[in-house]
Amino acid sequence: MAIFEFLSFDDPGTQIVTIGTVILGAVASIIGCFTFLQKRALIGDAISHSVLPGICLAFILSGTKNPYYMLIGAFISGWLSVILSDWITRTSKIKADTSIAIVLSFFFAIGMMMLSIIQHSGNVNQAGLHHFLFGKAAAIIKEDVVMFLYVAAIALVIIIVYFRAFKLYIFDIEFAKSIGLPVKWLDFLLTTLAVLAIALGIRAVGVVMMSALLIGPAAAASFWTGNLKKMLLISAIVGSLAGFFGAMISYMRPQMPTGPWIIIVLSVIAFTSIVMGTEKGVLHKWRKRQAFKNKVLRENILKIFYHLGENQEDFLQPRTLQELIERRAYNKNEILKGLNQLKSKHWVDQTESNHWALTKQGNIESAKLIRLHRLWEVYLSEHLNIAADHVHDDAEAIEHILTPKLQARLESVLKGRTTDPHDKAIPNLNKMDK
Amino acid sequence: MGINSKRIIEVHDLTISYHKKPALWNVDFDLPEGKIIGIIGPNGAGKSTLLKAIMGLLPMASGYIKIYDQPLEEIRNKVSYVPQRGSVDWDFPANVREVVTMGLYKQQKWYERTSQKDKENVESALEKVGMLPFANRHISQLSGGQQQRVFLARAMAQNADLYLMDEPFAGVDASTESSILDLLGAMRDEGKTIVVVHHDLQTAKDYFDHIVLLNTRLIAVGPTNEVLTPQHLQDAYGGKLTLLQEVGELLQKENIPTREG
Amino acid sequence: MNGFWIILVGSLVACSCALLGAFLILRRMAMVGDAIAHAVLPGIVIAFLISGSRASLPVLIGAAITGMLTTVLIELLNKKGGLQEDASIGISFTFLFAIGVILISAFTGHVDLDQDCVLNGQIDYLPLDIGSIVFLGQSIPRSVWTILPTFLIILGFVGIGFKGLRLTTFDNEFAAAIGVNVALLHYLLMGAVSLTTVVSFEAVGAILVVAFLVIPPSAAYLVTHKLKPMLVLSCVIGILSAVGGYYLAVFLDSSTAACMAVVSGLIFFSIFVFGKIKSVFN
């Protein structure tokens, strides 16, 4: 099987290709985090398309595919595209996204024009130049990897030295200015890094899709952590994984371009992270909402007990399921679910098969909630002049979310109140026997 | 509300969330017809949000809004809207007359050329705001005050009964400000109702007949002299609402729906 | 005669793109146009594999569906997923484009599509088009029969929708407030862009079509102050690029589509720099 042959790394060429793609995947992803956080994904796309004419020109002038000439050519035309799009936006009524699109398509067209001329010229060295379009990891040789290492080292040194400055600059540019950080220099460095990352990455990914290697890992990482250092680490892992996979595909299917496969792997990881991520993933948010719904359910059941107890002046008396359901628009299953949750907290006891009662602790909890609800109603009606018949719904929402700190504030604002706007007593927790 | 004036807008228990944070919370009031009405409140109080909600531009978390006791859809051609001047790109390739004519879009069919009546409408709207001499000027060459007049003219060309204006006095020169005010007065005298979002408390008492004082909640509503009392202003501007604002931020941070759902 | 057909197809592509691109740039949606242009590729390839012919109705439908899918995917990642907008755009279209390129590579040999065709289009091979149709004694390349109706559809759409497009582009909020169906117009415009991209794809490839969408209208925008003249001038610049590009390609022995895009860029930068010089002297 080709996959086992690849994984055995018997072939020295395979080792080099794999090392090369892993390095460039990791470096591009680390730099990409900054591009992502600066919300400059689209300028990244412009740069990656724009390096093509630089590469072609480097080839035309040197006549070889020396990686250093290619890098220099790519670097210059990549930077030029940033300067040009910035110049158009700054000095005319054309907006940023349009000027990015103009520069992107213009540079790419020049690149395609040159590439076509080179291909028609019959130069024997040109074979393989078109791999820069969609990438071909298998074409990476030892010389390239040495260059990757140099560039990676330079990039890492810059990131380590300027880490705190970059962080400040990205999160709050105004603050960075105010404390005298050289923001123009930082911006220059970050753009330079992005151009470098792209110039490196096109060997494996190609100019057409390189921007995704810059952005994808960072986007994925942002769903797992809010911490910048961890984000850099996670996206480096994601990027090197994608690079590794690209090398494998390139070995197994030599006729396939690697870029698209790397991008597919990255996209799948990114989509998975968006759903599963523990920082702000869709599933995580959904669970949080469910937990909140359960909390609201439990608290509403506690309040039903309190209201029943208030009417009959006996808070601890067992209630039937029927009694509980009558008070609120919950169905039987929901009430049972809530009661079982309360039971495991020891706030409610099941006295008989169909009878449930508050425990002492449960009674205190229910009184706390009612107190909060009624205090909020007082606050709304007295401090915000809201009519008494409009305050209940609002208090229904607020009672579940108020933090102890805010509750203390509310208590101090409304010191000494004993009745709510509907003339019902506000429970006094100090008078309750624990 | 005066005995003679009919109810034109009814806002009932309106709550609107913006990025999970409540921008308007349980707001409930009626507004009378034939008056210049100011919506006043500090920054971030939800003034523009209220206006956009009345225009049906924002989803409501709860409540409803009626105009002449009907839902907006039934009566849209009687209502006109003047957005904030800064909400559009003034480099757009159009001249003053074209922008004002855009106000008549709903009245025109795509295959019809602008009719003589519409043209007269546009000319008279331009005349009223004093922009007729600039009718052929490109909109990027206008001053802030002139841009505002163009927006007013576009709304006036619609011949609506109710005008909702978002910060028409923001960033305009003094002469424009007083001429806009004269214009609003003339419109009221024709029986139109004008609702204006306004940020300057100093001028509010001279400009408006009736005021809605907001700070996320409704603080007070009524004739100007009844609303602009020290007590109400203290309630709206005096930091007394910090508790409420903190609750709002909590809701946003915890990503919790404002209403149980 | 060969040159004539290439210039004609190039001009029709340029004009269709210019008419829509003008609205895209004014709506600040240039990059969405870029995204759609990339993302229609898998739709084209799949429909092509099924139907076995390029530029047929199934291909149009397949591509239009993926074009729409892109906007949906971007919205989904952005609104439901909570991913920032620029990254949502960046990831959606590269993902779809990658699928398209893989499909093409996997089926090379089975289908009459290759990587070069994705990037450069087929305009150079137009005269060799086997499906040529004879009309009035003249053999007319098949491409003309797809691009001409597309151009007429776009012209009709922009003509009929002119007032609505102008209003929603200038002030979407006001348009919504007076009861215009802004969402409908938005999706019609996106649909028109998808259609044009697909049809143009055959001639000029997936990426260079962005140049046709964005560059001529931007050049026209710099020198006009009203929308109608801007649209007309965009088309004129597009046609000039097609003509100039054809001769440049012949001169350099290079890709015609790329040369047409390069010429449009040169026209843009000439106008831009000329404007700068003029303002220095004034």
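On a predicted model such as this, the values are computed, not experimentally measured, just so you know. (Residues numbered from 1 in each chain as written. Chains lettered and ligands numbered in written order. Predicted model: local features only at pLDDT ≥ 70, side-chain atom pairs only at ≥ 80, totals over all residues.)

Q: What is the right way to read the overall build of chain C from this model?
A: For chain C, the count of helices and strands is eleven helices and two strands. In chain C, the succession of α and β elements from N to C terminus is α-α-α-α-α-β-β-α-α-α-α-α-α. Expressed as a percentage of its 282 residues, the buried residues of chain C come to 58%. Long-range contacts, defined here as pairs at least 24 residues apart, represent 70% of the contacts in chain C between residues at least 6 apart. (Helix = DSSP H or I, 4+ residues; strand = E, 2+ residues; numbered from the N terminus. Buried ≥ 20, exposed ≤ 12 C-beta atoms within 10 Å, placed from the backbone. Contact = placed C-beta atoms within 7 Å.)

Q: Help me understand the overall build of chain A, please; the structure alone is not making it clear to me.
A: Secondary structure summary: chain A contains 18 helices and three strands in total. Taken along its principal axes, the extent of the C-alpha atoms in chain A is 100 × 60 × 35 Å. Buried residues in chain A amount to 47% of all 434 residues. Here the contacts in chain A between residues at least 6 apart in sequence split such that 70% fall between residues at least 24 apart.

Q: Is there a simple way to explain the nonpolar core in this structure?
A: Nonpolar side chains tend to gather and get buried jointly when the protein is soluble and globular. Grouped together as the largest cluster of nonpolar side chains are 280 residues, with contacts concentrated most on Ala-109 of chain A together with Leu-164 of chain B. Setting aside anything within four residues of it in sequence, one finds Ala-109 of chain A in contact with Leu-208, Ala-211, Ala-258, Ala-261, Val-262 and Gly-265 of chain C. In this structure, Tyr-306, Val-348, Trp-356 and Ala-367 of chain A belong to the second largest nonpolar core, which totals 18 residues. (Core = buried A, V, L, I, M, F, W, Y, C linked by C-beta atoms within 7 Å.)

Q: Explain the sheet that holds strand β4 (residues 62-67) of chain B here, please?
A: Sheet strands associate in pairs through backbone hydrogen bonding, adopting either a parallel or an antiparallel arrangement. All names here are of chain B. Ordered in space as β2-β1-β4, the three strands form an open sheet in which the pairing is antiparallel. Edge positions in the sheet fall to β2 (21-32) and β4, since each has one partner strand and no second. Adjacent strand axes in the sheet meet at a mean angle of 15 degrees, parallel and antiparallel pairs treated alike. Here strand β1 (residues 7-18) runs beside β4; their pairing, made up of five bridges, is antiparallel. The partner of Ile-9 across the bridge, within β4, is Ile-67. (Pairing = 2+ DSSP bridges. Axes fitted to C-alpha atoms, helices over the stretch in contact; angles between N-to-C directions.)

Q: In this structure, what is going on with the environment of Phe-171 of chain A? I would like to understand it.
A: Residue and element names in this part refer to chain A. Tracing the sequence through the fold places Phe-171 in helix α7 (residues 142-171). The exposure class assigned to Phe-171 is exposed, which follows from the 11 C-beta atoms found within 10 Å. As for Phe-171 and Gln-38, which are separated by 133 residues in sequence, their C-alpha atoms are 8.4 Å apart.

Q: Can you help me understand the interface of chain C and chain A in this one?
A: Bring the parts together and some accessible area is lost; that lost area is often taken as the interface size. The interface of chain C with chain A comprises 48 residues on the first partner and 47 residues on the second. Of all elements in the fold, only α2 (30-51), α3 (57-80), α4 (85-106), α5 (115-120), α9 (208-223) and α11 (256-281) of chain C reach the threshold of two or more residues within the side of chain C that touches chain A. Here the side of chain C that touches chain A takes 13 residues from α4 of chain C, the largest share from any one element. Taken together, the residues of the side of chain C that touches chain A break down into 30 nonpolar, twelve polar and six charged. (Nonpolar A, V, L, I, M, F, W, Y, C, P; charged D, E, K, R; others polar.)

Q: Would you mind showing me how to read the interface of chain C and chain B here?
A: Tallying the contact residues gives 19 residues for chain C and 17 residues for chain B. Taken together, the elements giving at least two residues each to the side of chain C that touches chain B come down to α6 (142-170), α7 (172-177) and α10 (227-252) of chain C.

Q: When you look at the confidence of the model for chain A in this model, what are you seeing that I'm missing?
A: Taken as a whole, chain A shows an average pLDDT of 86; of its residues, 97% reach a score of 70 or greater. Ranking the elements of chain A by mean pLDDT puts helix α1 (residues 2-8) of chain A last, at 71, and helix α4 (residues 67-91) of chain A first, at 93. (pLDDT = per-residue confidence, 0-100.)

Q: Please explain the sheet that holds strand β2 (residues 348-352) of chain A as it appears in this structure.
A: Residue and element names in this part refer to chain A. Strand order in the open sheet formed by three strands is β1-β3-β2, and the pairing between neighbours is antiparallel. On the outer flanks of this sheet lie β1 (319-320) and β2, each paired with one strand and no other. Summarising the sheet, β1 and strand β3 (residues 355-358) pair through two bridges and their orientation is antiparallel. In the sheet register, Thr-320 faces β3, and the bridge partner there is His-355. Against the sheet, helix α15 (residues 332-344) engages β2 and β3, with an angle of about 110 degrees to β2.

Q: Explain unusual backbone geometry to me, please; I cannot follow it from the model alone.
A: What you tend to see is this: most non-glycine residues have negative phi, and most peptide bonds are trans. All names here are of chain B. We note that Asp-13 has phi near 45 degrees; this positive angle belongs to a residue other than glycine. If you check the backbone angles, Asn-26 has positive phi at about 55 degrees while not being a glycine. By the secondary structure assignment, Asn-26 is in strand β2. By C-beta crowding, Asn-26 is classed as buried, having 22 other C-beta atoms within 10 Å.

Q: I tried to follow the packing of helix α3 (residues 41-62) of chain A against helix α5 (residues 96-121) of chain A on my own but got confused; where do I start?
A: Working note: a packed helix pair is described by the angle between its axes plus the distance between those axes. All names here are of chain A. Running from N to C, α3 and α5 cross one another at 25 degrees; their axes reach a closest spacing of 8 Å. Between α3 and α5, the interaxial angle falls into the category roughly parallel. Of the two elements, α3 crosses α5, and the hand of that crossing is left-handed. From α3, Leu-42, Ile-43, Asp-45, Ala-46, His-49, Ser-50, Leu-52, Pro-53, Cys-56, Leu-57, Phe-59 and Ile-60 reach across to α5, where they touch Asp-97, Ile-100, Val-103, Leu-104, Phe-107, Phe-108, Ile-110, Gly-111, Met-114, Leu-115 and Ile-118. Residues of the contact of α3 with α5, tallied by class, amount to 18 nonpolar, three polar and two charged. (Parallel < 35°, antiparallel > 145°, perpendicular 65-115°, else oblique. Left-handed = near helix turned anticlockwise from the far one by under 90°.)

Q: What should I look at first to understand the confidence of the model for chain C in this one?
A: Interpreting fine coordinate detail is not advised for predicted regions of low pLDDT. Residue and element names in this part refer to chain C. Considering every residue of chain C, the mean pLDDT works out to 86; 89% of them sit at 70 or more. Taken element by element, the predicted model of chain C shows its lowest mean pLDDT in strand β1 (residues 133-135) (60) and its highest in α10 (96). Among the prediction metrics, the complex's ipTM stands at 0.92, with pTM recorded as 0.87.

Q: When you look at helix α10 (residues 210-222) of chain A in this model, what are you seeing that I'm missing?
A: Two residues of an α-helix separated by three or four positions point the same way, owing to the 3.6 residues in each turn. End to end, α10 of chain A covers 19 Å across 13 residues, agreeing with the expected 18 Å (1.5 Å per residue, within 8%). Taken across its 13 residues, α10 of chain A has 13 buried, putting it largely inside the fold. (Expected span 1.5 Å × (residues − 1).)

Q: Any chance you could explain the environment of Val-13 of chain C here in plain terms?
A: All names here are of chain C. In this structure, Val-13 sits in helix α1 (residues 2-26). Of the residues examined, Val-13 has 30 C-beta atoms within 10 Å and is grouped as buried. Along the chain, Val-13 and Ser-218 lie 205 residues apart, while their C-alpha atoms are 17 Å from each other.

Q: Even after reading the chapter, I still don't get helix α2 (residues 12-37) of chain A, so can you show me in this structure?
A: Residues and elements named next belong to chain A. For α2, spanning 26 residues, the distance from its first C-alpha to its last is 38 Å, which sits close to the expected 38 Å at 1.5 Å a residue. The largest bend in α2 comes to about 25 degrees, at Ile-31. Backbone geometry just after α2 places Lys-39 at a positive phi near 55 degrees. (Bend = angle between axes of the 7 residues up to and from the residue.)

Q: Just to check I follow, could you spell out the packing of helix α12 (residues 258-276) of chain A against α4 of chain C for this structure?
A: Viewed as axis vectors pointing N to C, α12 of chain A and α4 of chain C meet at an angle of 135 degrees, and their least axial separation amounts to 9 Å. Overall, the two elements α12 of chain A and α4 of chain C adopt an arrangement that is oblique. By crossing handedness, the relation of α12 of chain A to α4 of chain C is classed as left-handed. Every residue of α4 of chain C that contacts α12 of chain A at Pro-260, Trp-261, Ile-263, Ile-264, Ser-267 and Ala-270 of chain A is listed here: Ile-91, Thr-94, Phe-95, Ala-98, Ile-99, Val-101 and Ile-102 of chain C.

Q: Sorry if this is basic, but what is going on with the environment of Lys-52 of chain B here?
A: Residues and elements named next belong to chain B. In this fold, Lys-52 is placed in helix α1 (residues 47-54). Between the alpha carbons of Lys-52 and Leu-164 there is a distance of 8.9 Å; along the sequence they are 112 residues apart. When near neighbours in sequence (up to four residues on either side) are disregarded, Lys-52 contacts Leu-57 and Leu-58.

Q: It is not clear to me how the pairing of β2 of chain A should be interpreted in this structure. Could you clarify?
A: Along a regular strand, successive side chains alternate from one face of the sheet to the other. Residue and element names in this part refer to chain A. In this sheet, β3 lies alongside β2 in antiparallel orientation, the contact comprising four bridges. Looking across to β3, one finds that Val-348 is bridged to Leu-358. Count of turn residues in the β2/β3 antiparallel hairpin: two residues.

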